[in-house]
Amino acid sequence: MTRNAFIFCIGYQGGTAIVDKKLEARYRKKSCRELFAEGLYKPALAAAVYDKNQADLEWIRKSYSTLSGREYRDVDAIIRALGVADVRESIQRTLYL
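Residues numbered from 1 in each chain as written. Predicted model: local features only at pLDDT ≥ 70, side-chain atom pairs only at ≥ 80, totals over all residues. Heavy atoms only, no water.

Engineer: Sorry, what's going on with the environment of Cys32 here?
Structural biologist: Tracing the backbone shows Cys32 in helix α3 (residues 32–37). Given the relative accessible area of 4%, Cys32 is considered buried. Separated by 41 residues in sequence, Cys32 and Arg73 place their C-alpha atoms 20 Å apart. Here Cys32 is in contact with Ala44, Ala47, Ala48, Asp56 and Ile60, once residues within four sequence places are set aside. (Helix = DSSP H or I, 4+ residues; strand = E, 2+ residues; numbered from the N terminus. Buried < 20%, exposed > 50% of the residue type's maximum accessible area, 1.4 Å probe, protein only. Contact = heavy atoms within 4.5 Å.)

Structure, rendered in structure tokens:
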């Protein structure tokens, strides 16, 4: 699965990742922090997860905690809250909608 497909994935159906084509086309070149600044919190978090960037993951945790008014104690808590999972190795196909 490519980085952009993972970042803009809106769901899965069996071995197929379903990707938001419009978001991917508009924001494909944005960094994790640029996505966050645009209000795209889940894609920003997905970018940091895909890149395995601990500094960005911690920055998102702190920034999102401040924005939401809820303290997320660790990165795993915000990953669960925003519904971002690890990259699935079983994905065989990508469908752009």
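Engineer: In this structure, what is going on with the packing of aromatic side chains? I would like to understand it.
Structural biologist: Each aromatic ring pair is specified by the distance between its two centres and by the angle formed by the two planes. Applying the stated criterion to the full structure yields 5 aromatic pairs. Centre to centre, the rings of Tyr41 and Tyr64 are 5.5 Å apart; their planes meet at 65°, and the pair counts as edge-to-face. Within this pair, whereas Tyr41 is found in helix α4 (residues 41–51), its partner Tyr64 is found in helix α5 (residues 54–68), the two being separated by 23 residues in sequence. Tyr41 sits in the partly exposed class, given a relative accessible area of 28%. (Phe/Tyr/Trp six-rings, centres within 6.5 Å; stacked < 30°, edge-to-face > 60°.)

Engineer: Before we go on, may I ask you to explain the packing of α4 against helix α6 (residues 75–82) in this structure?
Structural biologist: When two helices pack together, their arrangement is given by the angle between the helix axes and by the axis-to-axis distance. Between α4 and α6, the shortest axis-to-axis distance is 10 Å and the interhelical angle comes to 130°. Here α4 lies oblique to α6, going by the angle between them. Between α4 and α6 the crossing geometry is left-handed. Between α4, through Tyr41, Lys42, Leu45 and Val49, and α6, the contact on the second element is made entirely by Ile78, Ile79 and Leu82. (Axes fitted to C-alpha atoms, helices over the stretch in contact; angles between N-to-C directions. Parallel < 35°, antiparallel > 145°, perpendicular 65-115°, else oblique. Left-handed = near helix turned anticlockwise from the far one by under 90°.)

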